[in-house]
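Descriptive structure summary
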Protein chains: 4
Amino acid sequence: MAFRTQCPVRFGDVDHAGIVYYPHFFIYFHEAFEDFFNENAQKYSELLNQRRLGFPTVHIEIDYSAPLRYGDALDIELSVPKLTARSAMFRYVGFRHSDGKQACEASITCVCVHLDHFSALPIPDDLRDLFAKFAE
Amino acid sequence: MAFRTQCPVRFGDVDHAGIVYYPHFFIYFHEAFEDFFNENAQKYSELLNQRRLGFPTVHIEIDYSAPLRYGDALDIELSVPKLTARSAMFRYVGFRHSDGKQACEASITCVCVHLDHFSALPIPDDLRDLFAKFAE
Amino acid sequence: MAFRTQCPVRFGDVDHAGIVYYPHFFIYFHEAFEDFFNENAQKYSELLNQRRLGFPTVHIEIDYSAPLRYGDALDIELSVPKLTARSAMFRYVGFRHSDGKQACEASITCVCVHLDHFSALPIPDDLRDLFAKFAE
Amino acid sequence: MAFRTQCPVRFGDVDHAGIVYYPHFFIYFHEAFEDFFNENAQKYSELLNQRRLGFPTVHIEIDYSAPLRYGDALDIELSVPKLTARSAMFRYVGFRHSDGKQACEASITCVCVHLDHFSALPIPDDLRDLFAKFAE
């Protein structure tokens, strides 16, 4: 099962070449990541502020296959193909809304840390169960 | 006396109309603001982290008079035309480096706060003296 | 009549003081501005790409009255209090979703230009009618 | 030989966890990329505007090994470990200025395109020679 969401391309998201500035895709992915928690578990802000858990990124691989322009949107499918005791790999496949063409595919590995000292923690059971539901 | 610095326009700073996205001017101004402290007093990061002082913005007026494009740079003159017990108005006049034409003029009023609770504080004497040196 | 929309505060929207970085409010306002066109007239991207019209900002006044934090959202009311032959003033009043407190009030004046040469144009009748509907 | 440059962490570059928001590293890398051209060949903006060449990103791999905070800076070493007829892989190794610890290592593969239609082009000889000088 994948979590699906959509990010519209905004007026300021493009670069001087007229396409979405490639770092901005990670901002779209993070919006999808936040909404994944917000809609399927608890608000991501509460996870950070009340439980003091965070998921800093330690590794990314991404392929860009088609440029994205202003006026279009990115349809994102988010899944969790790998899970270890202290880390999870999130996969984001992005499609151009206008023609359905795949624009990018990213694997983003995050570790679970305590935000007070950024030390690695085992992923709590409730989040492990959540991630497992979205294994591919 | 004005503090002078320069911000090059970067590849991702423009918008879909091909000019610097207007919110990005405030990012240039903040870089100038940080460098104003870094070069004339103490590092702005130390002011925040060690003295727990901050200068949140409470009011802005800005005129944009010429668009700025990728490949150009913004020459900034920063001065402090108004100073009260707990606030300071910073003036930023920005010029296009390529032709010297004025691109923008902004007045940004900030209050001095303690960052632990965002309560207003009198501006400390050393900063008051610093700001007074850059009165117009 | 005002156009109403909401912008959630995202994980990366804050600054080192832990509140929404003040330039980011203008990004929220521009999202509201785009959605104002998208939902009440034609897509803003079509206005730019097909009609080659744009609305660069020439003047801003803004008051910030309360900080906004991650986990909250900005409820925006957009209206058009002033209209001249070639310019319009857009007013954005922003409220913290969590407690309804006003966070900011901005007046952003834009001129109508042809995007090929950035020369001022009379606002076309269909857009003039649209703006007039949202006069306060 | 590597090209060396430094990006100071700015007040707005951090996220709600208090560290540089991970997409922002790609903005630092792009600044380094632009300066690599600006200082070793021709201005990158001229390459785009006059020669109509561009280097969109098609693949990234990155490891993040240490968080970066406000007040610090990222020391970047840029080299070009791989070169094919139509693409180049740029390597960015980033170190925290404060303690010299490696913060990240990224391989970013770009293709040479004509900006009018984004079709792949052979890398011109002068740029091929430039890149070869910075092979590791």
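So, here is what we can say about the structure in this document. (Residues numbered from 1 in each chain as written. Chains lettered and ligands numbered in written order. Predicted model: local features only at pLDDT ≥ 70, side-chain atom pairs only at ≥ 80, totals over all residues. Heavy atoms only, no water.)

Focus: helix α1 (residues 24–40) of chain C
- Over its 17 residues, α1 of chain C extends 24 Å from the first C-alpha to the last, a length consistent with the 24 Å expected when each residue adds 1.5 Å.
- With 12 of 17 residues buried, α1 of chain C lies mostly within the body of the structure. (Helix = DSSP H or I, 4+ residues; strand = E, 2+ residues; numbered from the N terminus. Expected span 1.5 Å × (residues − 1). Buried < 20%, exposed > 50% of the residue type's maximum accessible area, 1.4 Å probe, protein only.)

Topic: the relation of the copies chain A and chain C
- Superposition of chain A onto chain C requires a rotation of 180 degrees combined with a translation of 0.0 Å along the rotation axis, giving an RMSD of 0.0 Å. A rotation of that kind, with that shift, is consistent with a two-fold axis. Nearest to the rotation axis, the C-alpha of Cys7 of chain A is located 6.4 Å from it, this being the minimum over chain A.
- Here 100% of the interface residues in chain A have copies in chain C that are interface residues too; the copies meet face to matching face. (Least-squares fit on C-alpha atoms with pLDDT ≥ 70 in both. Contact = heavy atoms within 4.5 Å.)

Let's talk about the relation of the copies chain D and chain A
- Under the fitted operation, chain D is carried onto chain A by 0.0 Å of movement along the axis and a turn of 180 degrees, and the coordinates agree to an RMSD of 0.0 Å.
- When you check the interface residues of chain D against chain A, 100% turn up at the interface there too, and the contact is symmetric in its surfaces.

Here we look at the interface of chain A and chain C
- At the junction of the two partners, chain A supplies 14 residues and chain C supplies 14 residues.
- Summing the contributions of chain A and of chain C, the shared interface buries around 1,300 Å²; its carbon and sulfur component is 47%.
- The largest contributions to the chain A side of the interface with chain C come from Arg10, Phe11 and Tyr70 of chain A, which together make up 45% of the buried area.
- At the junction of chain A and chain C, the tally comes to four salt bridges.
- For Asp35 of chain C, the salt bridge goes to Arg10 of chain A, with nearest N and O atoms at 3.2 Å.
- Those elements that provide at least two residues to the side of chain A that touches chain C are α1 (24–40) and α2 (44–49) of chain A.
- Class assignment of the residues belonging to the side of chain A that touches chain C gives a composition of five nonpolar, four polar and five charged. (Buried area = accessible area lost by both parts, 1.4 Å probe. Salt bridge = Lys/Arg side-chain N within 4 Å of Asp/Glu carboxyl O. Nonpolar A, V, L, I, M, F, W, Y, C, P; charged D, E, K, R; others polar.)

Let's talk about the environment of His117 of chain A
Residue and element names in this part refer to chain A.
- By the secondary structure assignment, His117 is in the loop between β7 (113–114) and β8 (119–120).
- Given a relative accessible area of 51%, His117 falls into the exposed group.
- Taking the C-alpha atoms as reference points, His117 and Ile76, 41 residues apart in sequence, are found 32 Å from one another.
- Looking at His117, its side chain comes within polar contact range of the side chain of Ser119, at 2.5 Å. (Polar contact = N/O pair within 3.5 Å; in protein donor to acceptor, adjacent residues only side chain to side chain.)

Side note on the packing of α1 of chain A against helix α3 (residues 125–133) of chain A
Residues and elements named next belong to chain A.
- Where α1 meets α3, the closest approach of the two axes is 12 Å, and the angle between their N-to-C directions is 110 degrees. Judged on the interaxial angle alone, α3 and α1 are roughly perpendicular. Contacts between α1 and α3 involve Phe36, Phe37 and Asn40 from the former and Leu127, Leu130 and Phe131 from the latter.
- For the contact of α1 with α3, a count of residues per class yields five nonpolar, one polar and no charged. (Axes fitted to C-alpha atoms, helices over the stretch in contact; angles between N-to-C directions. Parallel < 35°, antiparallel > 145°, perpendicular 65-115°, else oblique.)

A short note on the pattern of salt bridges
- If you walk through the whole model with that rule in mind, you get 28 salt bridges over all chains.
- For Arg96 of chain C, the salt bridge identified is with Asp99 of chain C, shortest N-O distance 2.7 Å.
- Taking relative accessible area as the criterion, Arg96 of chain C reaches 14% and is therefore assigned buried.
- Across the pair Arg91 of chain D and Glu105 of chain D runs a salt bridge whose closest N-O atoms are separated by 3.6 Å. Highlighted residues: Arg91 of chain D in strand β5 (residues 87–96) and Glu105 of chain D in strand β6 (residues 102–111), separated in sequence by 14 residues.
- Here Glu105 of chain D falls in the partly exposed class, since its relative accessible area comes to 31%.
- Counted as one network, the salt bridges with shared partners bring together Arg10 of chain A together with Glu34 and Asp35 of chain C.

A word on the packing of aromatic side chains
All names here are of chain C.
- Following the criterion strictly, the structure yields 94 aromatic pairs over all chains and no others.
- Between Phe25 and Tyr28, the ring centres sit 6.1 Å apart and the planes meet at 80 degrees, which makes this aromatic pair edge-to-face. Here Phe25 and its partner Tyr28 are both found in helix α1, three residues apart, which amounts to about one turn of the helix. (Phe/Tyr/Trp six-rings, centres within 6.5 Å; stacked < 30°, edge-to-face > 60°.)

A look at the side chain of Arg96 of chain A
- With respect to the secondary-structure elements, Arg96 of chain A resides in strand β5 (residues 87–96).
- With near-sequence residues (within four places) excluded, Arg96 of chain A lies in contact with Ala66, Pro67, Leu68, Asp72, Ala73, Lys101 and Ala103 of chain A.

Considering the sheet that holds strand β2 (residues 53–54) of chain D
All names here are of chain D.
- One open sheet holds the three strands; their spatial order is β2-β7-β8, and the pairing between them is antiparallel. Edge positions in the open sheet fall to β2 and β8 (119–120), since each of these has one partner strand only.
- Where β2 and strand β7 (residues 113–114) come together, two bridges link them in antiparallel fashion. Residue pairing in the sheet places Leu53 in a bridge with His114 of β7. (Pairing = 2+ DSSP bridges.)

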